[in-house]
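Results of the structural survey
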Amino acid sequence: MLAAHRTLLPRPARVALAGDPGLGGGNLWRTALEHSRAPDVPVLVSDPPLEFGDGTRRTAFSIAELDALADAWASRYVDRGVRPRDRVVVFVEDSFEDQLHLAALARIGAIAVVVNGRMPADTALGLMARAAPVGLYTDPAHLQLLDGRHRELPGLRWTITAEAAAEPGDLVLPDKARYRHDDADPVFLCHSSGTTGNPKLVTWTHRQSVAGARFRLATQPEPEDSLLLCAAPLSHGAAIAVTSFALLAGMPIVALADRSAAGLARGAATHRPTTVFAFNHSLAELAVSEADPDDFASVRDWVNVGDSAHEAHVRSLVRLGHRTVDGAVRPGSVFHDILGSSELGWAALRRTTTPDTPSSPRHLGRPVFAMKAAVLREDGSHADVGEVGMLGVRGESVTTGYWNDSDTSHRSRLAGYFLSGDLVRRTAMNDYFHVDRIVDAIHTATKPGHSVLMEEVILLALPETADCAVVAGGAGGAGEGDDGDGEGRAAVPVAVVTLRANSPGRATGPDRTQARDRANAAELLARANTALAAVGQPDLAALEIAVHETDLPVGATGKVLKRQLREKYRDLPGYLAKAPNAVIAAVPAEVREPAGTEPAAYAGSDDEAAAVEGLRVIAAAVLEMEPDRITTDAPFYAQLEMDSLQKTEFVARVERAFQARFDAEEAAAMDSLGDVLSALRRAGTPVRAQDVTSDARAGAGPGASASASASASASASASASSSAVSRDGGSR
């Protein structure tokens, strides 16, 4: 049905289109039609179908049909009295219908306010009030959700649904009704995810909204078999930007509304895309879903937008699909991790991973050519290499600001850069590494905890976990300060994890008991804290296993709502006392007794030799080297070049193979196999020679290559104090 070889623009035509001075968000579909190579050939599939002008429901559309449909709806909006600069809210079930009405309103100079259909009614009404719309386009389900409260919006003159509106038919918008946009004219308002607070309305203007598409048209041609599966929320700025590019380039695109793992599998099996474009939440769900490789055999590229992906999930996905290297087809695909947001308008940083790429957790990549990035101090000066600071971005695609919120607009700028709200560090090679979101940093009594690094470590150390969120909790009576800004009472880290469906610890039915659940949580907590200590991060005060969806709440775009979790654990002792059914384990407030010093019974015996051999096997698997190269006195860091996250994985595997538990100080002090052996002796760990080597080899089986190889400085720089950094920039 879709055929890139018929619709994809050749390079000269792409360059000419990129240089068209009239191109902008206000006339994008009409401009795509004028430059189209095959205007009547289908270029887009909408899943679910869209209602066409004659009342039938269609899935496949050419650019000529899309433009005609937008014209017809624009005529209807003119008939309703909509004029240039008027705002009209589009609040429907998330699908390509959002972008149809955006295009219709833009061509008459009106401003679409696209609100994610999964947003709670109260939050959606707050956004609507800020936009002050003259009209609301919705569907029966969302009209019922609003429960009549939208009528209280000042200035709202009308509300329509597709079912109640007259069919747009084949109405043609008269030329006198077409608005001639200036570069700075607002075209539509989308919104941030609201993970750090209330969502903000982000302004996209005529020229700014296509800056990213212009850049890619001019610089990145696609193969003639290309097909893009867009599974990001279709009301989100990222999906609007990539769809706009695809329609301009004539690149076939499937706009998929079902963003679940099952939906992605169905979409990939049906449409055979070469590229899958989605948010981290959808890709993470797919990564732990035991996907059928046949469904994704056509995939060459994954593009993750929004929050950066966790290394454990990336490694699962690049095993699917295929790629071409030096003309030869090889198994395994390419993962493109993109740091972007509603405010940035296009990718700011990009990192590419293949099955052969060394692991590098929290690596954001380098700035794309269309953007300039910097690590900034609070005074606007540039941070030194390796110093943690605020990520600033500037480029033509960056938003002009927040609608009806000049205060936040100005506060999100510093030294000519837009502040993304992230804490990062930069290497001498201009590689950027993510430390945390500014508002998510955890100010403990002893040292700062960086939630995204802690999540990365936990996912690598606990392979039975599917997803994880770490937030600040209150040690007693209150959370992190009276207003959550980290300036009051010291906080403690709390983790929430979901378990993989096939996890041994995920008991169901009659085998499941509260005691068993809590014992499993306690075991995960102990292992997580050992791993965190190895990279210089603070211990978790508690770990909860999510049993219900509400235990790990996500917003309309699928991102974890950490602000809700912070509120939940604001008084951690109180929560533990009042939630007896929660599957949670907590570290006692009192300090643990030091480990015993009695030597193990196997010291100096054949069992000790077996233990040494087992340790060699584990270290070799983690470091991907021959066991013979690893002696008992070889320093982990200086000689074996083990980095901090490889150390985390090594310690976790040793604990599993030897059924041992090391405290944080012991784990941090280990710098050779001899150190580990001494710790096993002190713990009195019973080991049988015939078991330990086989157990160690089992621990180094499938999945061993998921070890992280971030630079050795990651732990030190992540531990650098961020208490001076309190500014909250943009919100993804």
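As a reminder, the structure under discussion sits directly above these lines.
Report follows, based on the coordinates. (Residues numbered from 1 in each chain as written. Predicted model: local features only at pLDDT ≥ 70, side-chain atom pairs only at ≥ 80, totals over all residues. Heavy atoms only, no water.)

Some details on the overall build of the chain
Looking only at helices and strands, the chain has 23 helices and 28 strands in total. Counting only residues that meet the buried cut, the chain has 60% of its 732 residues in that class. By sequence separation, contacts in the chain at least 24 residues apart represent 71% of the contacts at least 6 residues apart. When the accessible surface of the chain is split by element, carbon and sulfur atoms take 51% of a total near 28000 Å². (Helix = DSSP H or I, 4+ residues; strand = E, 2+ residues; numbered from the N terminus. Buried < 20%, exposed > 50% of the residue type's maximum accessible area, 1.4 Å probe, protein only. Contact = heavy atoms within 4.5 Å. Areas by Shrake-Rupley, 256 points an atom, 1.4 Å probe, with all protein chains shown as cover.)

Structural notes on the packing of aromatic side chains
With the rule as written, the count across this model stands at eight aromatic pairs. Measuring from ring centre to ring centre gives 5.9 Å for tryptophan 29 and phenylalanine 96, while their planes differ by 5°; the resulting arrangement is stacked. Residue tryptophan 29 is located in helix 3 (residues 28-35), and its partner phenylalanine 96 is located in the loop between strand 3 (87-91) and helix 5 (97-106); the two are separated by 67 residues in the primary sequence. When its relative accessible area of 6% is taken as the criterion, tryptophan 29 is described as buried. Since its relative accessible area comes to 0%, phenylalanine 96 is described here as buried. Ring geometry for phenylalanine 296 versus tryptophan 302: centroids 5.6 Å apart, planes at 40°, classification tilted. (Phe/Tyr/Trp six-rings, centres within 6.5 Å; stacked < 30°, edge-to-face > 60°.)

Remarks on helix 2 (residues 11-18)
Because the α-helix completes a turn every 3.6 residues, residues three or four places apart line up on one side. Of the positions making up helix 2, those classed as buried are Arg14, Leu17 and Ala18. For helix 2, the angular spread of buried residues about the axis comes to 100°, placing them on one side. Looking at the buried side of helix 2, the elements it contacts are helix 3, helix 8 (211-219) and helix 9 (237-249). (Arc of directions from axis to C-beta.)

Some remarks on unusual backbone geometry
Most of the time, phi is negative for any residue but glycine, and the peptide bond is trans. Here aspartate 47 and proline 48 are connected by a cis peptide whose omega angle stands at 15°. Turning to its location among the elements, proline 48 is positioned in strand 1 (residues 42-51). In the Ramachandran plot, aspartate 326 falls in the positive-phi region, its phi being about 55° despite a non-glycine side chain. In this structure aspartate 326 comes out as exposed when scored by relative accessible area, which is 80%. In the Ramachandran plot, asparagine 430 falls in the positive-phi region, its phi being about 70° despite a non-glycine side chain.

Structural notes on the sheet that holds strand 26 (residues 491-499)
Across the sheet, which stays open at both edges, the four strands sit in the order 25-26-27-28 with mixed pairing between neighbours. Sheet topology places strand 25 (465-474) and strand 28 (584-586) at the edges, where each strand pairs with a single neighbour. Averaged over neighbouring strand pairs, the angle between their axes works out to 20° when direction is ignored. Bridge count between strand 27 (residues 542-545) and strand 28: three bridges; the pairing is antiparallel. Bridge assignment links alanine 542 to a residue of strand 28, and that residue is alanine 586. (Pairing = 2+ DSSP bridges. Axes fitted to C-alpha atoms, helices over the stretch in contact; angles between N-to-C directions.)

A short note on the pairing of strand 4 (residues 111-114)
Because side chains alternate across strand 4, one face comprises the buried residues Ile111 and Val113, and the other comprises Ala112 and Val114, equally buried. Strand direction decides the pairing type here: strand 3 and strand 4, joined by four bridges, are parallel. Bridged to valine 89 within strand 4 is valine 113. Across two bridges, the pairing between strand 4 and strand 7 (residues 186-191) is parallel. In the strand pairing of strand 7, alanine 112 is matched with phenylalanine 188.

Describing the nonpolar core
Formed by 94 residues in total, the largest nonpolar core has its most connected members in Trp29, Trp73, Tyr77, Phe188 and Phe277. Broken down by element, this core gets its largest block of residues, ten residues, from helix 9. Membership of the second largest hydrophobic core comes to 31 residues, among which are Met454, Cys468, Ala491 and Ala521. (Core = buried A, V, L, I, M, F, W, Y, C linked by side-chain atoms within 4.5 Å.)

Notes on the packing of helix 8 against helix 9
One way to put it is that helix 8 packs onto helix 9 with a least axis distance of 9 Å and a crossing angle of 45°. Looking at the two axes, helix 8 sits oblique to helix 9. For the crossing formed where helix 8 meets helix 9, the hand is right-handed. Of the residues in helix 9, those in contact with Ala213, Arg216 and Leu217 of helix 8 are Phe245, Leu248 and Ala249. The residue makeup of the contact of helix 8 with helix 9, split by class, is five nonpolar, no polar and one charged. (Parallel < 35°, antiparallel > 145°, perpendicular 65-115°, else oblique. Left-handed = near helix turned anticlockwise from the far one by under 90°. Nonpolar A, V, L, I, M, F, W, Y, C, P; charged D, E, K, R; others polar.)

Things to note about the sheet that holds strand 8 (residues 201-205)
Strands sit in the order 6-5-3-4-7-8 across an open sheet of six strands; the sheet is mixed. Taken across any chain shown, the strands that pair with only one partner, and hence form the sheet edges, are strand 6 (158-161) and strand 8. For this sheet, the mean inter-axis angle between neighbouring strands, taken without regard to orientation, is 20°.

Some remarks on helix 10 (residues 261-271)
Listed in full, the buried residues belonging to helix 10 are Ala261, Gly263, Leu264, Ala265, Gly267 and Ala268. Two residues or fewer past helix 10, arginine 272 is found with a positive phi of approximately 55°.

Section: the environment of isoleucine 584
Tracing the backbone shows isoleucine 584 in strand 28. Assessed through its relative accessible area of 10%, isoleucine 584 is described here as buried. As for isoleucine 584 and valine 496, which are separated by 88 residues in sequence, their C-alpha atoms are 8.8 Å apart.

A closer look at the side chain of threonine 31
For threonine 31, the location among the structural elements is in helix 3. Of the residues examined, threonine 31 reaches a relative accessible area of 4% and is grouped as buried. Among the polar contacts listed, one links the side chain of threonine 31 to the backbone oxygen of asparagine 27, at a separation of 2.9 Å. Residues within four places of threonine 31 in sequence aside, it is in contact with Leu17, Asp20 and Leu23. (Polar contact = N/O pair within 3.5 Å; in protein donor to acceptor, adjacent residues only side chain to side chain.)

A word on the pairing of strand 10 (residues 253-256)
The alternating pattern of strand 10 places Ile253 and Ala255 and Val254 and Leu256 on opposite faces, both of which are buried. Bridge count between strand 1 and strand 10: four bridges; the pairing is parallel. Across the sheet, the residue bridging to aspartate 47 is leucine 256, located in strand 10. The handedness of the strand 9 (residues 228-230) to strand 10 crossover, carried by helix 9, is right-handed. (Right-handed = clockwise from strand over helix to strand, strands pointing away.)

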